[in-house]
Each structure stands twice: as C-alpha cells, then as structure tokens.
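Fold and geometry: a report
Residue-level listing of the chains:
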Amino acid sequence: MALDLITGPDGLDRCGWVGDDVEYRRYHDEEWGRPLHGDRALFEKLSLEGFQAGLSWITILRKRPRFREVFAGFEPVRVAAFGADEIAALMADAGIIRNRAKIEATISNARLLLGFSDGEFDELMWSFAPEADRPRPATLADVPPVTAESEAMSKALRRRGFRFVGPTTMYALMQSSGMVDDHVVGCHRALALDDTKPHNGEVRTERMSDGRRIR
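Presented here is an overview of the structure given in this document. (Residues numbered from 1 in each chain as written. Predicted model: local features only at pLDDT ≥ 70, side-chain atom pairs only at ≥ 80, totals over all residues. Heavy atoms only, no water.)

**Points about the pattern of salt bridges**
Note the threshold: What makes a salt bridge here is a side-chain nitrogen of Lys or Arg within 4 Å of a carboxyl oxygen of Asp or Glu, nothing more. Strands are runs of DSSP state E lasting at least two residues, helices are runs of H or I lasting at least four, and both sets are numbered from the N terminus onward.
A full pass over the atoms with the stated rule returns 14 salt bridges. Linking Asp182 and Arg134 is a salt bridge whose minimum nitrogen-to-oxygen distance equals 3.0 Å. Here Asp182, found in the loop between α9 (167–176) and α10 (188–195), pairs with Arg134, found in the loop between α7 (120–126) and α8 (148–159); they are 48 residues apart in sequence, far enough to count as distant. Three or more residues joined by partner-sharing salt bridges are found here, namely Glu23, Arg26, Glu30, Glu31 and Arg64.

Below is the structure:
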C-alpha cells in the first residue's frame, strides 16, 4: 500500500502515488490537478484516459509522445478522418497500446466532436466539476475512485455516443485535468494551491438535474 506522502530527493513532500519515478514527479508537479482547458486538450485527455483503462497511468505517460505523433496531435478533425489503413498502422505500432477497441473508440469519439461548436466540449466537461470548496483528502484512502459528478459526466457522454468513458475513467480525467484537486494534505502542491484560495465566504453552485453546474 502506498504511503500517503513521499519525500523526493529534492526534499519536497508529494502524494504517495508518485513513488520514486522521475517522470511521475514531473507530471505530479507540473500537470496533475492543474486546470486544463481546450477542446483538443480535453479530447487528448479523454483518449489517453480511455487507453489507460486496466493499465497504470505511468505506462500511458511514457508512451504519450508516440500517441501524440500517431494520433495527429489529437486534433479531432484529423483523427476523425482515420480509416482502415490508419487503424492497421496503429495496431502494428509497438509504441502505443495496441487495443483495437480503444483505437476505434478514439476515432469514433473524434467524429462525435465534429458535431460540437468551438469550446462546447470544454464547457460540457467542465460543467461537471464540483464546487471549489470541496474538502481536500487527508490521505490516499480518502480519494474516491468515482463520484456523483464523474457518474453524471459518464452518463452525459455515453448518451452522446462516446465510448470508454466509464465513471472511474472520467474521475481520473477530472483529477488529471484539474476539475478536482486531490493532492493530499501535506503535499507541497496542496500547500501551494491552498495558499491561493480565498478563505472568506462560502461558494455555492447550483446544479442542473443531470449534475452539471449552472454558471
């Protein structure tokens, strides 16, 4: 079982899931939990989280450069145009996860995005982010694998035809794209983020029946 906090060679305390992996430390410090916006960026995140299902995230992280190369930078218009030849090439590429169902889902999801107006996918995804005053987890055991918001996001995407968007996968997306902040108490990133939060007044957010925030 992972420690809740681990001290790196630089003397900084980090969430215990980082372990002693250099790339994980960089990802934890520079990406995980930081707000990510943009239709293309969130499509990439959706796709990579889908490929991660059943695997460790560090496996995807190490293969991410190759994923970006063979999936045309995850530009939805370009991925949506992939056909049988591209699928065959992807299935032969040892630099990525060669799972036909996940490859075909990525292409199918890209085609669905062509029906969205600019910024609409970003708005949809972020509409499921919980309130900003959500309590910080004290330990890794306090970090949930799924939440009501990730279940609502999953249902909304499935209704639109998206694939590999289960509630657990969507919660991982919410964590990594900064929709939720699950850095545990004592992590140096948690300390830095908490220093920037207002401490007076309570933020309340109304929600629609499907769990989305009303802006």
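**Overview of the nonpolar core**
Rules: For our purposes a nonpolar core is just a set of buried Ala, Val, Leu, Ile, Met, Phe, Trp, Tyr and Cys residues, chained together by side-chain atoms within 4.5 Å. The classification of residues rests on relative accessible area computed with a 1.4 Å probe and restricted to protein chains. Under 20% of the type maximum is buried, over 50% is exposed, and intermediate values are partly exposed. Whether two residues are in contact is decided by their heavy atoms, any of which lying within 4.5 Å being enough.
Within the largest apolar cluster, 48 residues are counted, with the highest numbers of intra-cluster contacts made by Leu46, Phe67, Phe71, Phe121, Met125, Leu157 and Met179. A total of six residues in this core trace back to one element, the largest contributor, which is helix α3 (residues 57–70). Those residues in contact with Leu157, other than ones at most four positions away along the chain, are Leu46, Phe121, Leu124, Met125, Phe162, Val165 and Met170.

**Description of the packing of aromatic side chains**
What counts here: Note on aromatic contacts: the rings of Phe and Tyr and the six-membered ring of Trp form a pair at centre separations within 6.5 Å, being stacked when their planes are under 30 degrees apart, edge-to-face when over 60 apart, and tilted otherwise.
One pass over the full model with this rule turns up 12 aromatic pairs. Consider the rings of Phe43 and Phe74, whose centres lie 6.1 Å apart with planes at 70 degrees: the pair is edge-to-face. Highlighted residues: Phe43 in helix α2 (residues 39–52) and Phe74 in the loop between α3 and α4 (76–80), separated in sequence by 31 residues. Note on accessibility: Phe43 and Phe74 belong to one class, buried.

**Considering helix α1 (residues 22–30)**
Our working definition: In protein, a polar contact requires one atom able to donate a hydrogen and another able to accept it; more generally it is a pair of N or O atoms within 3.5 Å, and residues adjacent in sequence count only if both atoms are side-chain atoms.
Buried within α1 are the following residues: Tyr24, Arg25, Tyr27, His28 and Asp29. Its side-chain oxygen placed 2.9 Å from the backbone nitrogen of Glu23, Asp21 serves as the N-cap of α1.

**Digging into the packing of α8 against α9**
Note the cut-off: Here the axes come from fitting lines to C-alpha atoms, over the contacting stretch only for helices, and the angles between their N-to-C directions go from 0 to 180 degrees. Any angle from 65 to 115 degrees is called roughly perpendicular, while one under 35 is roughly parallel, one over 145 is roughly antiparallel, and all others are oblique. Definitions for this section: a left-handed crossing has its near helix turned counterclockwise from the far helix by less than a right angle. A right-handed crossing has that turn clockwise. Classification used: nonpolar for Ala, Val, Leu, Ile, Met, Phe, Trp, Tyr, Cys and Pro, charged for Asp, Glu, Lys and Arg, polar for all others including Gly.
Relative to each other, α8 and α9 sit at 110 degrees, their axes nearing to 8 Å. As the angle between them shows, α8 and α9 are arranged roughly perpendicular. The two elements α8 and α9 meet at a crossing, and its hand is right-handed. Residues Glu149, Ser150, Glu151, Met153, Ser154, Leu157 and Arg158 of α8 form the contact with α9, whose own contacting residues are Pro167, Met170, Tyr171 and Met174. Its residues placed into classes, the contact of α8 with α9 shows six nonpolar, two polar and three charged.

**Focus: helix α6 (residues 100–113)**
Short version of the rule: To estimate the expected span of a helix, count its residues, drop one, and scale the result by 1.5 Å.
Across its 14 residues, α6 extends 20 Å between first and last C-alpha, which sits within 8% of the 20 Å expected from 1.5 Å per residue. Taken together, the buried positions of α6 are Lys102, Ile103, Ala105, Thr106, Ile107, Asn109, Ala110 and Leu113. In this structure, the buried side of α6 is in contact with α2, α4, α5 (84–91) and α7. Sitting at the amino-terminal end of α6 is Asn99, which places a side-chain oxygen 3.1 Å from the backbone nitrogen of Ala101.

**What to know about unusual backbone geometry**
Notably, Phe74 is not glycine yet its phi reads approximately 55 degrees, a positive angle. Positive phi values are uncommon outside glycine, yet Phe164 reaches one of about 55 degrees. Positionally, Phe164 belongs in the loop between α8 and α9.

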